[in-house]
Structure formats: C-alpha cells, structure tokens
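Structural features, examined
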There are 2 protein chains.
Amino acid sequence: MNDKDQFMRKAIDLSIKNIEKGGGPFGAVIVKEGKIIATGTNRVTHENDPTSHAEVNVIREAARILGTFDLSDCEIYTSCEPCPMCLGAIYWARISSVYYGNDKYDAAQIGFDDQFIYEEIDRPLQKRKVPAIQIMNEEAIEAFSLWDKKTDKTPY
Amino acid sequence: MNDKDQFMRKAIDLSIKNIEKGGGPFGAVIVKEGKIIATGTNRVTHENDPTSHAEVNVIREAARILGTFDLSDCEIYTSCEPCPMCLGAIYWARISSVYYGNDKYDAAQIGFDDQFIYEEIDRPLQKRKVPAIQIMNEEAIEAFSLWDKKTDKTPY
C-alpha cells in the first residue's frame, strides 16, 4: 500500500467508524510532509452545526495545530468529493491537492445531494431559488474604505 | 428605517467594529421571526481559522442557540455577498433569504477575491488548478453502503 492509499484508507476508516458513532459517512485527513497531522468527521447532527462537514472540521483542526490559516503545504484526503462549502474552505486554506474516494454521484445516491448548491452557485443572483437581495450598499462600503486605508492590517 | 435596513445596519456596524478589533471588514446577523438571534464577524486571522467567515460563524452560533442544524425559518443579513464557502453553508442550513450590502466586485477591489474559487467550482475536476484526484472508490463506497442499510440514522 503506497502513502496515498494509506492516507485515504485512514479517511475511509474514519467515515465508517463515524457511522457507528451515529454520524454521517464522511471522514477526512490532512497530510503535511508525508504525515497525517489532523483528522475530521461529519458531525452535523451530533453538534447541530450545518457547517460541521469532515473537510471543514479537519481544516479547522489542522490550522489550530499549525497555528496558521495558510495550509498551502498540506494535502487533504477525503472519503467523498467535497461539496461547494468544503471546496471553498479548501481554497481559502490554500491546500495544494485534493484526493477523494466517493464522488458526488455516489453521495447523491444515498441522499446527500450537492447538486442543488452547485446549480445555485452557477445561477446569477437574481435567478437563484433562494433569494439574494442587495441593500444598503452605500452604507456597507464604509467598512471596505476603512479597511483599505488601514495600514496595520493582517491581509490574507 | 424599516426592519430589513435595521438588520443590515447591525451587520454593517459589526463589519466596521471588527476592523477596529483587528479582524476583516465583514459582519452578519441571523434573523428569526423579526428578531436578531445571532451575530458573527470574520475571525480568520484572530483564530487562525480559514473557515472563520462572518456567515459561517453566525450560522454556527444560530444553530447552537436554536439547537438545530435546520435554519429554514431564518434569514441572513451579511455586510458582503457570501463567498462560495459561505453560500454552501447557507444552503446546507436551509436559510430562506440572503440580504447583502457590498458585492463580490466591491470585495475584489480591496483584495478579497472570490473569483478564483467561483471559476474553480465551475471547472470539471480534471481541469482545476488545484488537482482533485479520485482514488480507492471501491473501498470508500463501503461507508455509503453501510449508511444506506442503517435503519436508525438521522438523515439531513
């Protein structure tokens, strides 16, 4: 078994054990310099947290352990293709590579359907099924002006 | 000032105060039955957590307070158009409406550019700049079979 397979095997083991614990069938690990540094599972129903997907959790844990929000020297191994939320988290964390086991079609077959979210993101704001309405732009822009002028900020 | 403007005003106030606290210029509130039940700000650099956007944080907080991962009777007011990660979180939480102040073009002008993420999500997996590679599907699918057969699961 090569390294990649070992890391994915761990993500799969987590996904299976998580079912026994009453969670959803998803697990993920983050690898840095050839070693697993963090693990995560889906805990949406346990924690009553809709953002508690395996990938979000493992990213939070790896960032906590490394003390940085920049995981550009890390890879993620996830038992299932990331949903748009998790893909966004992976990109914000600047993770360098994604390995996944099941794909979104496998996930849809057991009732986890990301397709609606993918379709919504693709639609112009005005045509989305969940209404997205812009208000008070003139007031909101004040924060951006202040940020732009600030000289001692931490950019990311 | 009508209710919608009041809720957005609060989100904007949070975004401005967050800069003074050393955070990014983003704030959000969640409203249920005409009342603000939770607030959130961007805390990426404070918490070294790349997922700590205002919308993710306010969703986590509202879900914690209400004791449910289903926020379908809630609206979100955010000082800036949600990025793909936050949009995903909004959809998983089943929030009914999104109001935003600044848009993604305003955000790009001060260096917060979601466009790369939107483009990546649109690309087929094989053509993404961040490689996404499927391995060990045969092993990974075992978790989905177990989930599918489980009779006492909490679906979501």
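Refer to the preceding data block for the structure.
These figures come from a predicted structure and were not determined experimentally.

So, how was this worked out
Residues numbered from 1 in each chain as written. Chains lettered and ligands numbered in written order. Predicted model: local features only at pLDDT ≥ 70, side-chain atom pairs only at ≥ 80, totals over all residues. Heavy atoms only, no water. Helix = DSSP H or I, 4+ residues; strand = E, 2+ residues; numbered from the N terminus. Buried < 20%, exposed > 50% of the residue type's maximum accessible area, 1.4 Å probe, protein only. Contact = heavy atoms within 4.5 Å. Least-squares fit on C-alpha atoms with pLDDT ≥ 70 in both. Axes fitted to C-alpha atoms, helices over the stretch in contact; angles between N-to-C directions. Parallel < 35°, antiparallel > 145°, perpendicular 65-115°, else oblique. Left-handed = near helix turned anticlockwise from the far one by under 90°. Buried area = accessible area lost by both parts, 1.4 Å probe. Salt bridge = Lys/Arg side-chain N within 4 Å of Asp/Glu carboxyl O. Polar contact = N/O pair within 3.5 Å; in protein donor to acceptor, adjacent residues only side chain to side chain. Nonpolar A, V, L, I, M, F, W, Y, C, P; charged D, E, K, R; others polar.

So, on to the environment of Phe26 of chain A. Within the fold, Phe26 of chain A resides in the loop between α1 (3-20) and β1 (27-32). The buried category is assigned to Phe26 of chain A, whose relative accessible area is 11%. The spatial distance from the C-alpha of Phe26 of chain A to the C-alpha of Ile12 of chain A is 7.6 Å, given a sequence separation of 14 residues. Dropping the residues within four chain positions of it, Phe26 of chain A is found in contact with Ser15, Asn18, Gly40, Thr41, Asn42, Ala54, Ser79, Cys80 and Phe112 of chain A together with Phe144 and Tyr156 of chain B.

It is worth spelling out the relation of the copies chain A and chain B at this point. By a simple turn and slide, chain A fits onto chain B: the slide is 0.0 Å along the axis, the RMSD is 0.0 Å, and the turn is 180 degrees. Taken together, the rotation and translation relating the two chain copies correspond to the operation of a two-fold axis. When each C-alpha of chain A is compared by its distance to the rotation axis, Met85 of chain A comes out closest, at 2.0 Å.

As a further point, take the packing of helix α6 (residues 115-122) of chain A against helix α4 (residues 84-92) of chain B. α4 of chain B packs onto α6 of chain A with a crossing angle of 130 degrees between their chain directions and a minimal axis gap of 10 Å. Classified by the angle their axes make, α6 of chain A and α4 of chain B are oblique. Regarding α6 of chain A and α4 of chain B, the two cross each other, and that crossing is right-handed. When α6 of chain A is examined against α4 of chain B, the residues Phe116, Ile117, Glu120 and Ile121 of chain A are found in contact with a partner set consisting of Pro84, Leu87, Gly88, Tyr91 and Trp92 of chain B.

A few words now on the interface of chain A and chain B. Listed as interface residues are 84 residues of chain A and, on the opposing side, 84 residues of chain B. Roughly 7800 Å² of surface becomes buried between chain A and chain B when both sides are summed, with 68% attributable to carbon and sulfur atoms. On the chain A side of the interface with chain B, the three residues burying the most area are Trp92, Phe144 and Tyr156 of chain A, jointly 11% of the side's total. For the pair chain A and chain B, the interface holds two salt bridges. In this structure, the salt-bridge partner of Asp49 of chain B is Arg60 of chain A, at a minimum N-O distance of 3.0 Å. At the boundary of chain A with chain B, the tally comes to 26 residue pairs in polar contact (both at pLDDT 80 or more). Among the elements that line the side of chain A that touches chain B, the one with the most residues is helix α7 (residues 137-149) of chain A, at ten residues. Its residues placed into classes, the side of chain A that touches chain B shows 47 nonpolar, 19 polar and 18 charged.

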